[in-house]
Amino acid sequence: MALPLEQLLKLPPEEMLKHNEKPTVEQLRTQQQRYYEDVTEGMELPKYIYGPMTPTHIFRWSAAIENWHRIHYDLAFATHHDRLPSILVQGSWKQSIIPSYLKDWVRPNGWFWKASFQHRAMLVPGDILIVWGRVIKKYVKEGMGFVDLEIGMKNQDGIESMPGTATVVLPLRGGKPIPYPFIPPKE
Amino acid sequence: MTQASLESVLTPEVKAMIGVKGEIVECWGTVDEEYLRRFIQAIMDPDPLYWDEEYARASRYGERITPPIMVSYLPNRLPPGEEDPVTRAFRENPMSDGIGGVRQRGGLPPIPTKLVRILNAGNDIEVYKFPSIGDKIRYQSMYKDIQAHIGRDGTPFLTVVTETRYWNQKGELLCITRAATIRR
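The following refers to the structure shown. Remember, predicted model here, so these are calculated numbers, not experimental data.

This part is about the environment of B:Arg117. Mapped onto the elements, B:Arg117 comes out in the loop between helix 6 (85-92) and strand 2 (118-127). For B:Arg117, a relative accessible area of 30% gives the class partly exposed. A C-alpha to C-alpha distance of 5.5 Å links B:Arg117 and B:Arg183, two positions 66 residues apart in sequence. If sequence neighbours within four positions are ignored, B:Arg117 has contacts with A:Asp82, B:Ile182, B:Arg183 and B:Arg184.

Over the atoms a probe the size of a water molecule is rolled, and this reveals where empty space is left. Residue and element names in this part refer to chain A. Of the volumes computed, that of the second largest pocket is approximately 200 Å³. Every residue along the wall of the second largest pocket is listed here: Glu21, Pro23, Gln27, Gln31, Gln32, Gln33, Arg34, Pro46, Tyr48, Asp104 and Trp105. Its residues assigned to classes, the lining of the second largest pocket shows 4 nonpolar, 4 polar and 3 charged.

If you check which residues of helix 3 (residues 33-42) of chain B are buried, you get B:Tyr35, B:Leu36, B:Phe39, B:Ile40 and B:Ala42. Seen end-on, helix 3 of chain B carries its buried residues on one side only, within an arc spanning 155°. Lining the buried residues of helix 3 of chain B we find helix 4 (55-65) and helix 6 (91-106) of chain A together with helix 4 (48-51) of chain B. A positive backbone phi angle near 60° is found at B:Met44, which sits one or two residues after helix 3 of chain B.

A separate point is the pairing of strand 3 (residues 129-141) of chain A. Residues and elements named next belong to chain A. Looking at chain direction, strand 1 (residues 48-50) and strand 3 are connected through 3 bridges and run antiparallel. Note that in strand 3 the partner of Tyr48 across the bridge is Val131. Of the strand pairs in this sheet, strand 3 and strand 4 (residues 144-155) are connected by 12 bridges, and their pairing is antiparallel. Bridging from a neighbouring strand, Lys138 pairs with Val147 of strand 4.

What follows covers the environment of B:Ile40. Residues and elements named next belong to chain B. Relative to the helices and strands, Ile40 is located in helix 3. As for Ile40 and Thr66, which are separated by 26 residues in sequence, their C-alpha atoms are 8.6 Å apart. Residues contacting Ile40, with those up to four places away along its chain left out, are Asp45, Tyr50, Trp51 and Pro67.

Counting 83 residues, the largest nonpolar core has A:Trp93, A:Leu102, A:Trp105, A:Trp111, A:Val147, A:Leu149 and A:Phe182 as the members making the most contacts within it. Residue contributions to this core peak at 7 residues, all from helix 6 of chain A. Once residues within four sequence positions are removed from consideration, A:Phe182 is found in contact with A:Trp111, A:Trp113, A:Met144, A:Phe146, A:Val169, B:Val127 and B:Tyr128. Counting 12 residues, the second-largest nonpolar core is a separate cluster that includes B:Leu108, B:Ile146, B:Ala148 and B:Leu158.

With that out of the way, let us pick up the interface of chain B and chain A. Contacts between the two partners involve 47 residues from chain B and, on the opposite side, 49 residues from chain A. Taking both sides of the interface into account, the surface hidden between chain B and chain A amounts to around 4,400 Å²; carbon and sulfur atoms contribute 56%. Of all residues in chain B, B:Met44, B:Arg60 and B:Tyr128 bury the most surface against chain A, accounting for 16% of the area lost on that side. Our count for the chain B to chain A interface comes out at 5 salt bridges. Remark: the boundary between chain B and chain A carries 28 residue pairs in polar contact (both at pLDDT 80 or more). Residue contributions to the side of chain B that touches chain A peak at 10 residues, all from strand 2 of chain B. For the side of chain B that touches chain A, the residue count by class is 28 nonpolar, 7 polar and 12 charged. Pairing between strand 2 (residues 111-118) of chain A and strand 2 of chain B: 5 bridges, direction antiparallel. When the sheet's bridge partners are listed, A:Ser116 is paired in strand 2 of chain B with B:Asp124.

A few words now on the pattern of salt bridges. Inspection of the entire model under this criterion finds 29 salt bridges over all chains. Between A:Arg107 and B:Asp47 there is a salt bridge, and its shortest N-O distance comes to 2.5 Å. Here A:Arg107, found in the loop between helix 6 and strand 2, pairs with B:Asp47, found in the loop between helix 3 and helix 4, and the two come from separate chains. Assigned by exposure class, A:Arg107 and B:Asp47 land together as buried. Residues B:Lys144 and B:Glu163 are paired through a salt bridge, measuring 3.6 Å at the closest nitrogen-oxygen approach. With B:Lys144 in strand 3 (residues 138-150) and B:Glu163 in strand 4 (residues 156-167), this pair connects stretches of sequence that are 19 residues apart. Residue class for B:Lys144 comes out partly exposed when judged on its relative accessible area of 42%. On the basis of relative accessibility, which here comes to 5%, the residue B:Glu163 falls in the buried class. Residues participating in the shared-partner salt-bridge network are B:Asp124, B:Glu126, B:Lys144, B:Glu163, B:Arg165 and B:Arg178.

What counts and how
- Every chain begins its residue count from 1, and numbering advances along the sequence as written.
- Chain labels run from A onward and ligand labels from 1 onward, assigned in the order the entries are written.
- Given that the model is predicted, a residue must reach a pLDDT of at least 70 before its local features are reported, and side-chain atom pairs must reach 80 or more before they are shown or counted; all residues, however, enter totals for whole chains, interfaces and linings.
- Derived side-chain values reflect all non-hydrogen atoms in the structure, with water molecules and hydrogen atoms excluded from consideration.
- Helix and strand definitions follow DSSP, with helices as H or I runs of at least four residues and strands as E runs of at least two, each counted in order from the N terminus.
- The cut-offs for exposure are 20% and 50% of the maximum accessible area for each residue type, with area from a 1.4 Å probe on protein chains only; residues under the lower value are buried, those over the upper are exposed, and the others partly exposed.
- In this analysis, two residues are considered to be in contact whenever any of their non-hydrogen atoms come within 4.5 Å of each other.
- Of the two site types, the cavity is a set of points on a 1 Å grid over the protein atoms alone where a 1.4 Å probe fits but cannot get out, and the pocket is an open set with protein on both sides within 12 Å along at least five of seven lines, each lined by residues with an atom within 4 Å of a point.
- Grid points are joined across faces, edges and corners, and a volume is the space filled by probe spheres set on the points.
- Lys, Arg, Asp and Glu make up the charged group, whereas Ala, Val, Leu, Ile, Met, Phe, Trp, Tyr, Cys and Pro make up the nonpolar group; the residues left over, Gly among them, are polar.
- By arc we mean the arc of the directions from the helix axis to the C-beta atoms, nothing more.
- Strand pairing is assigned whenever DSSP detects at least two bridges linking the two strands.
- Grouping buried Ala, Val, Leu, Ile, Met, Phe, Trp, Tyr and Cys residues that are joined through side-chain atoms within 4.5 Å yields what is termed a nonpolar core.
- Two parts placed together each lose some accessible area under a 1.4 Å probe, and the buried area is that loss summed for both.
- Whenever Lys or Arg places a side-chain nitrogen within 4 Å of a carboxyl oxygen from Asp or Glu, that contact is recorded as a salt bridge.
- Pairs of N or O atoms are called polar contacts if they sit within 3.5 Å, as long as, within protein, a hydrogen donor faces a hydrogen acceptor (for residues adjacent in sequence, only side-chain-to-side-chain pairs).

In short, the description is geometric, and any link to function would need to be established separately.
Set out below in structure tokens:
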């Protein structure tokens, strides 16, 4: 049974890791479609837990996308020149986790449409990161089920580093398929 | 005092950058296997839709997919043979932060400001289609908005919102990203 976010955040970091709901490859392969009718306002999405983050995780991302900003790998530059607490987890990495997270929730036939978020708290090596989401509103447009979400990424101390919102699209039970490529509804 | 501080950073030259578009640029190379592998390992997403041909073929997509905004980092990939932008950035500024002076091909002209520290403030993402392996990516950026603010310490700073649209070789819109950066 999944722990609500509030309870998860009360656990010591080593206990938090035991409640990671990130699916395995096999679970992804066999995931059954979640339909619009299955969703209720206030319901929580699974919590994905990453970390503890290390300089190597952070550098791996910089290398993968060829982002040479020194605050992500040059500790002396980050702390002495930019007076940061350490090297920082990249906003671009955090940004890239969200489509991955929401793609999983709507699979196999739903669609992650859009997200908007701010970068607030700095995340540093040693942090455990909890990606979370909660349904705030649902509505039907043009035969598709739209679900607005509150999303974020908290650290082990419960500090929110990227408060935001997102919208995903789920099929209605017995309804039409979600178009691919996705065509948004007319306003 | 506050108004004067705001105007000291949001100068007419800076304001004039709002709405400025870059050229449409074709990214070097294609969406390729190795870039995909490194990307999905770095975001720790083991989705078989990315790598299991048979599974992906049976999905609604009919082929392997790639992460929807992976293409938004392809502009970082500079063609070999051009002057090394990292060397150039440090030649121009030995204390370069490694990003501010590392210009991208066809990127937007720099904001004419002395505020050189850049921090990521937030992002918007809109996703329409998963890029496919082999796609040729084109993009175009524009300065969507620039605003001045006063920090807690009384220092003025700028927020700059850059919007970029990405298409594949068929002209299909893949995604739109908006990045808000703070210039201090």
